[in-house]
Amino acid sequence: MTDNTYSLVCGMEVHVELKTVSKMFCGCANNPFHAEKPNIHTCPVCLGMPGGLPVANRTAIDWTIKLGLALGCTINQVSKFDRKHYFYPDLPKGYQISQYDLPFCEKGQLNTAEGAVRIRRIHLEEDTGKLQHTTLDGRKVSLIDFNRGGVPLVEIVTEPDITSPAHAKAYAKQLRDILRYLDIADCDMEQGGMRLEANVSLRPVHKTQLPDYKIELKNINSFRFLEQAIHYEMQRQQAALEAGEQLHQETRGWDSVKNRTFAQRTKEAAADYRYFPDPDLPPIELPDEHIATIQSSIPELPAQVVVRWSDQFAVDPRFGLPLATSPENVALFEDVFAQLTAQQQSPNTLASDLHNKRLNISANTSAAKIVAAFQKAHDTAVLDSDELESIISAVLNKNSDAVKKYQNGQTQVLGFLMGQVMKELKSKPDAQQVRTALGKALTT
């Protein structure tokens, strides 16, 4: 990590494959990870053959807008697709259909525990094919599988608001959780369904203007690697700047074996891609009514759910958030918390038990069974007060040194005395009853 001389300037670009039934601009199956063999989900359109005409996938567009609305974005009511030109083997047309100056979504924000991150834009494009570098008949070759080519790919671009590697990790994880919660993407990072990129640069702490360079860390496939890569890159850049080196735009990869970044290529500028509107795809107009319909389909998001659970059921957000993984889960625990509240039992204790793995429940368990399992785990006997007082008196007499420490202000010994009392009790006691009686005995 850098010292107090430099501060991190970091924005992120996250690419996510949407799980629509078909590809972005053709009717081929969107199933790149479970195809029986390479290049079977292809057609003249996604292979870029002459005469193939693209048709935009409406569901992919609606899901992109849905994500934008969930992140508080402004939706552009007129948008379009553009051709982004670059020449690489996994792009058969010689260009990618993407969006340039009129993306579907702009100016949103995602609030994380590490700080807010502004969303600059969310746009929709097609994914590329997948290169496989291997040896065939003794020769090193690169093979291409176009099953992934043309899959709907949403790109979320942030402002340079990220202030630490931990901030980047928190943002990326929360974004993944929202995508899954909206049920528009699986975000399988191991397969490449969600790819993380961080634009990293440093500036002196007393400066406010953006640096004149940025280093793009490309195609990172885990949150831990993202954090490690930014950490390493901060150290590398500080050493270079302190040595008087001039840093330039560059794309680098992350070597998770050697734990270092490595140069890949000089980073392109927008002009290098020669963007222009795709003549085969008409501009897209989004009426107010259509946007309103999509807005109405967005469920209460996890961050909103845990605030409401805290107010309504006194559930600590730390324990509530892991339970709010889907609208179905939210509905389930909503029912559980309501039942516990009606029976004057603590929803927060249940959430804490689940969080700390003191209570395990299987998948598809009903609310009633969860409540029953919780009550069984916390089934306690109400003790006879005379018997309890007698046992407490005996324990205090036996541990007079601990009693003196408590009375001299060392209240941490209360836990030790609680344990001694519990050992003497034959039935499973109500811990709160024991604690109250013990506290009373120690102060009289």
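On a predicted model such as this, the values are computed, not experimentally measured, just so you know.

A. Examining the overall build of the protein more closely. Looking only at helices and strands, one finds 13 helices and 16 strands in the protein. A compact globule built from 444 residues would reach a C-alpha radius of gyration of about 22 Å, whereas the protein, at 29 Å, exceeds it by more than 25%. In terms of its C-alpha atoms, the protein occupies a principal-axis envelope of roughly 90 × 55 × 55 Å. Within the span of the protein, comprising 444 residues, buried residues form 46% of the whole. Considering only contacts within the protein whose residues lie at least 6 apart along the sequence, 69% involve residues at least 24 apart. For the protein, the accessible area works out to roughly 23100 Å², and carbon and sulfur atoms hold 50% of it.

B. Representation of the pairing of strand β4 (residues 82-85) within the structure. Residue alternation in β4 divides its side chains into two sets, Asp82 and Lys84 and Arg83 and His85, and both sets are buried. Pairing geometry for β4 and strand β15 (residues 276-277), over two bridges, is antiparallel. What sits directly across from Asp82, in β15, is Pro277.

C. Representation of the sheet that holds strand β12 (residues 215-220). Taken together, the nine strands give an open sheet; going across it, the order is β2-β6-β7-β10-β1-β11-β12-β13-β14, and neighbouring strands pair in mixed fashion. Unpaired on one side and paired on the other, β2 (74-75) and β14 (260-265) mark the two borders of the sheet. With seven bridges joining them, strand β7 (residues 115-126) and strand β10 (residues 152-158) adopt antiparallel strand pairing. In the strand pairing of β10, Arg121 is matched with Val157. Sheet contacts for helix α1 (residues 58-70): β2, β6 (105-112), β7 and β10; angle to β7, the most-contacted strand, approximately 175°.

D. Region of interest: the pairing of strand β13 (residues 250-255). The buried fraction of β13 amounts to six of the six residues, a majority that puts the element mostly inside the structure. By the alternation rule, side chains of β13 split into Glu250, Arg252 and Trp254 and Thr251, Gly253 and Asp255, which are all buried. Remark: the β12/helix α3 (residues 223-242)/β13 crossover connection has left-handed handedness. With five bridges connecting them, β13 and β14 associate as antiparallel partners. Looking at the pairing, Thr251 lines up with Arg265 of β14. Once β13 ends, the chain turns through four residues before running back antiparallel as β14, passing Asn259 with a positive phi of about 55°.

E. View of unusual backbone geometry. The phi angle at Arg274 is positive, at roughly 50°, despite the residue not being glycine. Within the secondary structure, Arg274 is located in the loop between β14 and β15. Backbone geometry places Gln344, a non-glycine residue, at a positive phi of 55°. Tracing the sequence through the fold places Gln344 in the loop between α7 (327-342) and α8 (347-355). Taking the relative accessible area as the measure of exposure, Gln344 reaches 76% and is therefore exposed.

F. The sheet that holds β15, seen in detail. Pairing within the open sheet is antiparallel, and its three strands lie in the order β5-β4-β15. Taken across any chain shown, the strands that pair with only one partner, and hence form the sheet edges, are β5 (95-98) and β15. By the bridge criterion, four bridges tie β4 to β5 in an arrangement that is antiparallel. Within β5, the position partnered with His85 by the bridge is Tyr95.

G. View of the nonpolar core. Counting residues in hydrophobic clusters, the biggest one holds 89 residues, and the most contacted among them are Met12, Leu67, Phe81, Leu196, Ile230, Trp309 and Phe337. With sequence-adjacent residues up to four places away left out, Leu67 is seen in contact with Ile122, Val154, Ile156, Ile178, Leu179, Leu182 and Ile184. In terms of nonpolar packing, the next biggest core, distinct from the first, is built from 19 residues, Leu396, Leu414, Val421 and Leu442 among them.

H. Up close: the pattern of salt bridges. Following the criterion strictly, the structure yields 24 salt bridges and no others. Between Asp183 and Lys19 there is a salt bridge, with its nearest N and O atoms 2.6 Å apart. Placement of the pair is Asp183 in the loop between α2 (165-181) and β11 (194-204) and Lys19 in the loop between β1 (6-17) and α1, with a sequence separation of 164 residues. Among the residues examined, Lys19 registers a relative accessible area of 31% and is labelled partly exposed. One salt bridge connects Asp82 with Lys80, and the closest N-O pair in it is separated by 2.5 Å. This pair shows no difference in class: Asp82 is buried, exactly as Lys80 is. Through salt bridges that share partners, Glu17, Asp127, Arg148 and Arg195 make up one connected network.

I. Looking closely at the packing of aromatic side chains. Summed over the entire model, instances satisfying the criterion amount to nine aromatic pairs. Aromatic pair Trp309 and Phe337: ring centres 5.0 Å apart, planes at 85°, arrangement edge-to-face. Remark: Phe337 occurs in helix α7 and Trp309 occurs in helix α5 (residues 302-313); sequence separation between them is 28 residues. The exposure classification of Trp309 matches that of Phe337, with both residues buried. One aromatic cluster is present, formed by Tyr86, Tyr100, Tyr273 and Tyr275 through successive ring pairs. Geometry around Tyr273 places Lys84 over its ring, the cationic atom sitting 4.4 Å from the centre.

J. Molecular detail of the packing of helix α10 (residues 385-398) against helix α13 (residues 431-442). Contact geometry of α10 with α13 gives a least axis separation of 10 Å together with a crossing angle of 55°. Judged by the angle between their axes, α10 and α13 are oblique. Remark: the crossing between α10 and α13 carries right-handed chirality. Contacts between α10 and α13 involve Leu388, Ile392 and Leu396 from the first element and Gln433, Val434, Ala437, Leu438, Ala441 and Leu442 from the second. Here the residues of the contact of α10 with α13 sort into eight nonpolar, one polar and no charged.

Each value, and the rule that gives it
Residues numbered from 1 in each chain as written. Predicted model: local features only at pLDDT ≥ 70, side-chain atom pairs only at ≥ 80, totals over all residues. Heavy atoms only, no water. Helix = DSSP H or I, 4+ residues; strand = E, 2+ residues; numbered from the N terminus. Rg over C-alpha atoms; globule rule 2.2 N^0.38 Å. Buried < 20%, exposed > 50% of the residue type's maximum accessible area, 1.4 Å probe, protein only. Contact = heavy atoms within 4.5 Å. Areas by Shrake-Rupley, 256 points an atom, 1.4 Å probe, with all protein chains shown as cover. Pairing = 2+ DSSP bridges. Axes fitted to C-alpha atoms, helices over the stretch in contact; angles between N-to-C directions. Right-handed = clockwise from strand over helix to strand, strands pointing away. Core = buried A, V, L, I, M, F, W, Y, C linked by side-chain atoms within 4.5 Å. Salt bridge = Lys/Arg side-chain N within 4 Å of Asp/Glu carboxyl O. Phe/Tyr/Trp six-rings, centres within 6.5 Å; stacked < 30°, edge-to-face > 60°. Lys NZ or Arg CZ within 6 Å of the ring centre and 35° of its normal. Parallel < 35°, antiparallel > 145°, perpendicular 65-115°, else oblique. Left-handed = near helix turned anticlockwise from the far one by under 90°. Nonpolar A, V, L, I, M, F, W, Y, C, P; charged D, E, K, R; others polar.

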